[in-house]
Structures are given as C-alpha cells and as structure tokens.
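So the chains spell out like this:
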Amino acid sequence: MQGHYDHIFKILLIGDAGVGKSSILLRFTDDAFEEHLASTIGVDFKVKTVHMRGKTLKLTIWDTAGQERFRTLTSSYYRGCHGIILVFDVNDRPSFEHLRTWLDEFELYATSAAAAKLLVGNKVDLDAREVTVEEAQAFARQQATMYIETSAKTRSGILQAFDEIVQKVLDTPELLAD
Ligand code: GDP
C-alpha cells in the first residue's frame, strides 16, 4: 500500500483562522506566497515527498479547509496523525493564547498520544510583534517541543519547521510501527 515509500506521515496544521497555515503549506509544497489568499476552501491536504536519513517519506500535510473558523475541528481531522504543527501569529496575541484550547482538542481526539508536536510563530516579517520569543519558547518547553519562527512570505524558517517535525516523528518508534 505504501508503494515505494518507507513511511507515509500525516502532519496537521492547527491554529486560529488567519495565522497563515495555508500560506505555510503553500510555501512548503509549491514555494509560493499569495498576499490575499482566499480562505481555505476545498483544499484538504497537500502531498510532498521528502528524503531523510536514507528514507523516502510521503508527507500528507493537512490544512483545516477553514473549519477552524468555528473554533473546533472534526475528530477525523486528527485521526491517525503523526505530527502536529501548532501555528500562531507573533503579531496577534489572542492566536497565541488560544493554543492551549487547540492542544486540549487535539489531546481529546488524537489516536496516538505520541504524536510529535512543533510550535510555530508565523508572520515574523511584519513589524507588529505581540508575543516575545521568550514567552513562546517557555510555552514550547512546557509542551516538550521546539519553537521555530517563520514567515510564509519571505520563506524564513519554513523548511526548518517541516524538517524538525519529520525528524521528531522519525525519532518516535511508536509512530513508525504501522
Ligand atoms: P490560515 O487561515 O491560517 O490558513 O491563514 P492564511 O494562510 O489564509 O493567511 C491569512 C493571511 O495572512 C493571508 O492574507 C496571507 O497572505 C497572510 N500571511 C500568511 N502568512 C504570512 C506571513 O508570513 N507574512 C505576512 N506578512 N502575511 C502572511
């Protein structure tokens, strides 16, 4: 079923509407950016093949298709996921404060407690920061995860973020079992 892939990973992008989840995905898969990206309609996930540690990995990276506007996502979104990228906008404090709620929902629905996590602060190209690096790092430490700052606009940090989450999944034997 896996074809020529060593593993297929399901990676989720989670966070408030407007923080840049679709833009991060578009930058990673198509190396593109749109200033006025239409709110996510219809795109459920994108696929990208990566090579790491001598393995060929198929990443299916899931976008919320705008469902998060209702402040909740369906359980099928979380099912079988290997890694979650929690995204907030460093210029939008409420999006940082809501992360706890997104994590609670994830923990309620996730089928694997071992799923890898990564915290991403996006839109660092803008000059209106409301969340400091230190407080984001402190929250990441509480979640035993790493914090990476990104800009989907300038491309800064995007590859590093996906590299980090995939490494973390590869480092978790429980996630490689099936
Ligand atoms: P989503 O609702 O979380 O998927 O957010 P979108 O990807 O739709 O982005 C919302 C808006 O923020 C769009 O107008 C994007 O062009 C813009 N945006 C996303 N990422 C960045 C970024 O890194 N820098 C800047 N300046 N704008 C961004």
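Since we're looking at a predicted model, the values are computed, not measured.

**Quick look at the site of the ligand**
Part 1: Taken together, 20 residues sit near the ligand, with Gly-20, Lys-21, Ser-22, Ser-23 and Lys-153 positioned nearest.
Part 2: When residues in the shell around the ligand are grouped by element, the largest group, three residues, is from helix H1 (residues 21-30).
Part 3: For the shell around the ligand, the residue count by class is five nonpolar, nine polar and six charged.

**Regarding the confidence of the model for the protein**
Atomic detail in the predicted coordinates should be set aside for any region of low pLDDT.
Part 1: Averaged over every residue, the pLDDT of the protein is 92; residues scoring 70 or more account for 95%.
Part 2: With pTM at 0.95, the complex prediction returns an ipTM value of 0.99.

**Observations concerning the sheet that holds strand S4 (residues 83-89)**
Part 1: Reading across from one edge, S2-S3-S1-S4-S5-S6 is the order of the six strands in this open sheet, with mixed pairing throughout. Each edge of the open sheet carries a strand with a single partner, namely strand S2 (45-52) and strand S6 (146-149). Between one strand and the next, the sheet's axes are offset by a mean angle of 25 degrees, whatever the strand orientation.
Part 2: In this structure, strand S5 (residues 116-122) lies alongside S6, joined through four bridges in parallel fashion. Looking at the pairing, Leu-118 lines up with Met-146 of S6.
Part 3: Each of strand S1 (7-14), S2, strand S3 (55-62), S4, S5 and S6 touches helix H6 (residues 158-170); the most contacted strand, S5, lies at about 170 degrees to it.

**Digging into the pairing of S4**
Part 1: Taken across its seven residues, S4 has seven buried, putting it largely inside the fold.
Part 2: The alternating pattern of S4 places Gly-83, Ile-85, Val-87 and Asp-89 and Ile-84, Leu-86 and Phe-88 on opposite faces, both of which are buried.
Part 3: Sheet analysis places S1 next to S4, joined by four bridges and oriented parallel. Within S4, the residue paired with Leu-12 across the bridge is Ile-84.
Part 4: As paired strands, S4 and S5 are joined by seven bridges and run parallel to one another. Pairing of Ile-85 across the sheet is with Leu-118, part of S5.

**Let's talk about the environment of Ile-24**
Part 1: Among the structural elements, Ile-24 can be located in helix H1.
Part 2: The spacing of Ile-24 and Gly-157 is 133 residues in sequence and 9.9 Å in space, taken between C-alpha atoms.
Part 3: Dropping the residues within four chain positions of it, Ile-24 is found in contact with Leu-13, Val-87, Asn-122, Thr-150, Ala-152 and Ile-158.

Parameters at a glance
- Residues numbered from 1 in each chain as written.
- Predicted model: local features only at pLDDT ≥ 70, side-chain atom pairs only at ≥ 80, totals over all residues.
- Near = placed C-beta within 6 Å.
- Helix = DSSP H or I, 4+ residues; strand = E, 2+ residues; numbered from the N terminus.
- Nonpolar A, V, L, I, M, F, W, Y, C, P; charged D, E, K, R; others polar.
- pLDDT = per-residue confidence, 0-100.
- Pairing = 2+ DSSP bridges.
- Axes fitted to C-alpha atoms, helices over the stretch in contact; angles between N-to-C directions.
- Contact = placed C-beta atoms within 7 Å.
- Buried ≥ 20, exposed ≤ 12 C-beta atoms within 10 Å, placed from the backbone.

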